[in-house]
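# Structure assessment
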Amino acid sequence: MDQVGMGNAEHQGALTKGEVLPRPASSQSEGFKQGRTVLNSLLSGAFAGAVAKTAVAPLDRTKIIFQGKNRNSYTPSLTHLLNMYRCEAYRLIYRTYLKDGFFSLWRGNSATMVRVIPYAAIQFCAHEQYKRILGQYYGFQGKALPPVPRLLAGSLAGTTAAMITYPLDMVRARMAVTPKEMYSNILHVFVRISREEGLQTLYRGFTPTILGVVPYAGLSFFTYETLKKIHAEHTGRSHPFSYERLAFGACAGLIGQSASYPLDVVRRRMQTAGVTGHTYGSISGTMRDIVREEGVIRGLYKGLSMNWVKGPIAVGISFMTFDLMQILLRKFQQFSHSAR
């Protein structure tokens with residue numbers, strides 16, 4: 001053993017009982033840096049989700065009402081399907097405004113915020129961590145991931161967030177399709193569902209949610225990251241402008257939501273079954289009933305035109321806000337560090 005090694009051994013042997021060697025400064029610094037990165041991602045994701053969902057809350061509520069209705073509630077002709085859905089959606093928003101007032105368009109938005117803030121925070125933070133882990137595994141640390149890991153990172157992030165926050169999504173769906181008198185607040189929804197329908201109802205529609213989240217989150221993050229990569233290669237700018245981020249996010253939302261929409265309809269039907277008089281026992285059974293009663297297009301894609309309006313807007317705002325918040329927080333931390 002050399003002298004340095006002997007010196008270290010003697011020093012360790014001289015430690016009294018209960019004492020531990022201090023961690024190297026570099027390890028402490030790395031751990032602090034990683035913790036700060038996670039915190040930044042959580043804060044940025046929470047803010048991004050809140051801003052995006054609040055911006056499209058009236059359209060989101062209208063979409064949920066469309067998805068929860070059966071054929072007897074609304075049956076447009078196939079020829080004018082998209083136009084009629086769009087017109088009916090705007091009429092519904094206007095009637096709601098006349099009947100219950102302007103702020104009624106945001107009914108259920110408090111429940112949405114309770115779900116969206118942790119969901120978006122977890123999803124964006126998880127995505128950053130999955131990118132880091134997969135980057136280390138595939139040898140692309142600090143660089144853009146290849147296509148398959150890029151898709152996998154988004155799918156894993158969405159799945160992680162959905163598993164943790166699903167009961168809050170159930171509450172949001174119930175509040176959106178019921179009158180004010182039925183549920184007075186978020187806690188009241190939990191209590192009534194648990195007492196009248198059982199705790200397992202809070203996870204009704206969970207499987208189609210996960211099956212829908214995998215392509216939705218995977219394709220959304222994949223598309224956004226891919227467009228940023230292509231942009232950087234063609235322009236030489238590693239940071240797109242705000243309006244470019246918004247456009248990339250809108251494309252990501254359009255592709256991701258269109259791919260997973262039928263499962264989103266199935267999920268809403270299963271979530272709202274307790275208040276609409278229907279009984280849906282399984283994904284395949286629910287899908288079969290919808291197709292038999294309403295058809296493929298008018299059933300499984302009901303409200304899709306509304307999603308094409310609000311989906312790209314929401315996802316675009318969300319991705320843009322997250323990126324800008326990340327940049328802002330990093331600059332603030334750099335300023336604080338230099339001011340010391």
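- Identification of the protein as Mitochondrial coenzyme A transporter SLC25A42 from Cyprinus carpio carpio is taken from an unreviewed UniProt entry.
- Under the heading Function (unreviewed entry), UniProt records this for the protein: "Mitochondrial carrier mediating the transport of coenzyme A (CoA) in mitochondria in exchange for intramitochondrial (deoxy)adenine nucleotides and adenosine 3',5'-diphosphate."
- Looking at the Subcellular location (unreviewed entry) heading of the UniProt record, one finds this comment for the protein: "Mitochondrion inner membrane".

### Examining empty space enclosed by the protein
- Under the definition given, this model contains four cavities of 30 Å³ or more.
- Of the voids in this model, the largest cavity is the one considered here, and its volume is about 640 Å³.
- If you list the elements that add at least two residues to the lining of the largest cavity, you get α2 (25–55), α5 (109–138), α6 (147–177), α8 (206–235), α9 (242–271) and α13 (304–339).
- A breakdown of the residues in the lining of the largest cavity according to their chemical character gives 16 nonpolar, 10 polar and nine charged.

### Observations regarding a nonpolar patch on the surface
- Residues Tyr137, Tyr138 and Phe140 make up a contiguous nonpolar surface patch of roughly 360 Å² in combined accessible area.
- Counting through the fold element by element, Phe140 comes out in the loop between α5 and α6.

### Things to note about the packing of aromatic side chains
- Summed over the entire model, instances satisfying the criterion amount to 11 aromatic pairs.
- Judged by centre distance (5.8 Å) and plane angle (90°), the rings of Phe124 and Phe319 are edge-to-face. A residue pair is termed long-range when its members are at least 10 positions apart, and Phe124 in helix α5 and Phe319 in helix α13 qualify at 195 residues.
- Classification of Phe319 as buried rests on a relative accessible area of 5%.
- Their ring planes at 85° and their centres at 5.2 Å tell us that Phe221 and Phe319 sit as a pair that is edge-to-face. Of this pair, Phe221 sits in helix α8 while Phe319 sits in helix α13, and the two are 98 residues apart along the sequence.
- Looking at Phe221, the relative accessible area reads 3%, which means it is buried.
- An aromatic cluster of three or more residues is present, and its members are Phe124, Phe221, Tyr224, Phe319 and Phe322.
- Across the ring face of Tyr119, the terminal group of Arg115 is positioned such that the distance to the ring centre comes to 4.6 Å.

### Considerations on the layout of surface pockets
- There is about 1600 Å³ of room inside the largest pocket.
- Only α2, α5, α8 and α13 provide two or more residues apiece to the lining of the largest pocket.
- Per-element accounting of the lining of the largest pocket gives the leading share, 11 residues, to α13.
- Considering only residue class, the lining of the largest pocket consists of 14 nonpolar, 17 polar and 15 charged.

### Description of the packing of α8 against α9
- Direction vectors running N to C along α8 and α9 enclose 170°, while the axes themselves pass 8 Å from each other. Taken together, α8 and α9 sit at an angle that is classed as roughly antiparallel.
- Residue composition of the contact of α8 with α9, grouped by class: 15 nonpolar, nine polar and four charged.

### With respect to the packing of α9 against helix α11 (residues 283–294)
- Here α9 crosses α11 at 100°, and the two axes come no closer than 10 Å. By the criterion of interaxial angle, the relationship of α9 to α11 is roughly perpendicular. Along the contact surface, α9 presents Leu263, Val265, Val266, Arg269 and Met270, while α11 presents Ile283, Thr286, Met287, Ile290 and Glu294.
- Classifying every residue of the contact of α9 with α11 gives seven nonpolar, one polar and two charged.

### Side note on the nonpolar core
- One finds Ala48, Ala120, Phe124, Phe221, Tyr224, Phe248, Ala252, Val315, Phe319 and Phe322 forming the largest nonpolar core, which totals 10 residues.
- Every element with two or more residues in this core is listed here: α5, α8, α9 and α13.
- The biggest single contributor to this core is α13, with three residues.
- Not counting chain neighbours up to four residues away, the residues in contact with Phe248 comprise Tyr224, Leu227, Lys228, His231 and Pro240.
- Among the nonpolar cores identified, the runner-up in size contains nine residues, and Leu263, Val265, Met270 and Leu300 belong to it.

The rules behind these values
- Residues numbered from 1 in each chain as written.
- Predicted model: local features only at pLDDT ≥ 70, side-chain atom pairs only at ≥ 80, totals over all residues.
- Heavy atoms only, no water.
- UniProt positions renumbered as here; feature names shortened; annotations may be inferred.
- 1 Å grid on protein atoms, 1.4 Å probe; cavity = no way out; pocket = protein on both sides within 12 Å on 5 of 7 lines; lining within 4 Å.
- Points joined across faces, edges and corners; volume = space filled by probe spheres on them.
- Helix = DSSP H or I, 4+ residues; strand = E, 2+ residues; numbered from the N terminus.
- Nonpolar A, V, L, I, M, F, W, Y, C, P; charged D, E, K, R; others polar.
- Patch = residues over 30% accessible without salt bridge, like charges linked within 9 Å, V, L, I, M, F, W, Y side chains within 5 Å.
- Areas by Shrake-Rupley, 256 points an atom, 1.4 Å probe, with all protein chains shown as cover.
- Salt bridge = Lys/Arg side-chain N within 4 Å of Asp/Glu carboxyl O.
- Phe/Tyr/Trp six-rings, centres within 6.5 Å; stacked < 30°, edge-to-face > 60°.
- Buried < 20%, exposed > 50% of the residue type's maximum accessible area, 1.4 Å probe, protein only.
- Lys NZ or Arg CZ within 6 Å of the ring centre and 35° of its normal.
- Axes fitted to C-alpha atoms, helices over the stretch in contact; angles between N-to-C directions.
- Parallel < 35°, antiparallel > 145°, perpendicular 65-115°, else oblique.
- Contact = heavy atoms within 4.5 Å.
- Core = buried A, V, L, I, M, F, W, Y, C linked by side-chain atoms within 4.5 Å.

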